[in-house]
Amino acid sequence: MASDDLHWFTTLAELERVGAAADRLHLTQPTLSRMLARLEHRLGVRLFDRHGKRLTLNDFGRVYYDHARRAQAELDAAARELADLANPAKGVVRLSFLHSFGARLIPELVAGFRRTSAHITFILDQGAAEMVAAHVLDGTSDLGLVSPKPAAPGLGWRTLLRQRLALAVPAEHRLVARRQVRLSEVAEADFIALHPGFGMRRILDDLCAAADFRPRVVFESSDLVTVAGLVAAGLGVAILPAEEPPLRGPQPGPVLVPLADPGATRAVGLIWSSTAVHGEVVRRFRDFAFDWAVE
């Protein structure tokens, strides 16, 4: 596949409409249709099933799309590495991370790095742990900051810190005066949790399984700030980091009671693709994060 074909083909594959793709690419619809026809003729297979004006990737198209995305990621990485070599004082780091790290951890890391590398640009992306891992594996992001360690193969991992975990309870809860608590003491409680696929949800499920019960989850959210707010409103209990609670608004937050359960911590670490070739700037930021972790 010619490198010029990568962009228009992946755009068409993602939009699955010739008209919408042509508009985004600033092409006419007949021109884009001819480009697709030439590509399919060269490959000897149809890449899309036609449904009127709608296109749907077929099995051949999905295979080709996966390879096209990887090829584009490799070319983009090569361009960034060349740019790093040409001007090592500039560059881009694409960093994905969990929502809960946006309040303190990411600002500290980025600000610390830019004190000595002021012209480095960061492209930041937030999401669930599974999404962060997927973006690192497919080349959308250079590095990811997640917790716990992903199970997906093909990822490098380095622990940066460990956070103690606490049971978050409303201010009037029976356990607020306790110095620590075991999860088994709230086995019958209503739990507020992140959606499946988020790191803290996996930690909650694992800790509850170790305590020999399955949590009754009554509310699910995509960020810990909402979880903390729902707990403070008296709608249930939750597990939150003890050292770095979510940012609080004008209303009082929940009370955090440290957990006494074995393993009631979460490892926060940096991930990267074990097969990707990173540019100098990405390697410098990764080394900076490693050094920051041991200070």
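The structure under discussion appears in the preceding block.
Bear in mind that the values here come from a model prediction, so they are computed numbers and not experimental data.

(A) How the structure looks around the overall build of the protein chain. When helices and strands are counted, the protein chain shows 9 helices and 11 strands. Based on the C-alpha atoms only, the size of the protein chain along its principal axes is roughly 70 × 50 × 35 Å. By residue count, 45% of the 295 residues in the protein chain fall in the buried class. For the protein chain, the proportion of contacts with a sequence separation of at least 24, taken over those separated by at least 6, is 73%. Accessible surface, the protein chain as shown: approximately 15400 Å² in total, 53% of it carbon and sulfur.

(B) Quick peek at the pattern of salt bridges. In the structure shown here, the tally under the stated rule is 12 salt bridges. For aspartate 142, the salt bridge is made with arginine 94, and the minimal N-O distance between the two is 2.9 Å. With aspartate 142 in the loop between helix H6 (129-137) and strand E5 (143-146) and arginine 94 in strand E3 (residues 91-97), this pair connects stretches of sequence that are 48 residues apart. Across this residue pair, the class does not change: aspartate 142 and arginine 94 are buried. With a closest N to O distance of 3.4 Å, aspartate 205 and arginine 201 form a salt bridge. Of this pair, aspartate 205 and arginine 201 are both found in helix H7 (residues 199-210), 4 residues apart, which corresponds to roughly one turn of the helix. Through salt bridges with shared partners, a single ionic network connects Glu40, Arg46 and Arg50.

(C) Helix H3 (residues 29-43), seen in detail. The terminal C-alpha atoms of H3 lie 21 Å apart, and with 15 residues this matches the ideal 21 Å at 1.5 Å per residue to within 8%. Looking at H3, one finds that the buried residues are Leu32, Met35, Leu36, Leu39 and Glu40. All buried residues of H3 lie within an arc of 130° about the axis, which places them on one face of the element. Turned more than 90 degrees from where H3 packs its buried face, Arg38, His41 and Arg42 sit exposed.

(D) Fine view of the packing of helix H2 (residues 18-25) against H3. Here H2 crosses H3 at 105°, and the two axes come no closer than 9 Å. As judged from the angle between their axes, H2 and H3 are roughly perpendicular. Within the contact between the two elements, H2 uses Val18, Gly19, Ala21, Ala22 and Leu25 and H3 uses Gln29, Leu32 and Ser33. Tallied by class, the residues present in the contact of H2 with H3 amount to 5 nonpolar, 3 polar and no charged.

(E) Main features of the nonpolar core. Ranked by internal contacts, the top residues of the largest apolar core, which has 35 residues, are Leu167, Leu183, Phe191, Ile239 and Leu259. Among all residues touching leucine 259, those that are not within four sequence positions of it are Leu165, Ala166, Leu167, Val181, Leu183, Leu207, Ile239 and Ala264. Within the second largest apolar cluster, 32 residues are counted, among which are Leu98, Phe113, Ile271 and Trp272.

(F) Region of the structure containing the packing of helix H5 (residues 105-114) against helix H9 (residues 280-294). Viewed as axis vectors pointing N to C, H5 and H9 meet at an angle of 115°, and their least axial separation amounts to 10 Å. Our pair here, H5 against H9, has a crossing hand that is right-handed. Residues Leu105, Glu108, Leu109, Gly112 and Phe113 of H5 touch H9, and the partners they reach there are Val281, Arg284, Phe285, Phe288, Ala289 and Trp292. Here the residues of the contact of H5 with H9 are counted per class, giving 8 nonpolar, 1 polar and 2 charged.

(G) The environment of leucine 161, seen in detail. You can see leucine 161 is positioned in strand E6 (residues 155-169). Residue leucine 161 is classed as partly exposed on the basis of its relative accessible area of 22%. Remark: the alpha-carbon pair of leucine 161 and phenylalanine 285, spanning 124 residues in sequence, is separated by 17 Å. When sequence neighbours within four positions are dropped, the list of residues in contact with leucine 161 reads Leu105, Arg266, Ala267, Val268 and Trp292.

Cut-off values and rules
- Residues numbered from 1 in each chain as written.
- Predicted model: local features only at pLDDT ≥ 70, side-chain atom pairs only at ≥ 80, totals over all residues.
- Heavy atoms only, no water.
- Helix = DSSP H or I, 4+ residues; strand = E, 2+ residues; numbered from the N terminus.
- Buried < 20%, exposed > 50% of the residue type's maximum accessible area, 1.4 Å probe, protein only.
- Contact = heavy atoms within 4.5 Å.
- Areas by Shrake-Rupley, 256 points an atom, 1.4 Å probe, with all protein chains shown as cover.
- Salt bridge = Lys/Arg side-chain N within 4 Å of Asp/Glu carboxyl O.
- Expected span 1.5 Å × (residues − 1).
- Arc of directions from axis to C-beta.
- Axes fitted to C-alpha atoms, helices over the stretch in contact; angles between N-to-C directions.
- Parallel < 35°, antiparallel > 145°, perpendicular 65-115°, else oblique.
- Nonpolar A, V, L, I, M, F, W, Y, C, P; charged D, E, K, R; others polar.
- Core = buried A, V, L, I, M, F, W, Y, C linked by side-chain atoms within 4.5 Å.
- Left-handed = near helix turned anticlockwise from the far one by under 90°.

By themselves these figures say nothing about function.
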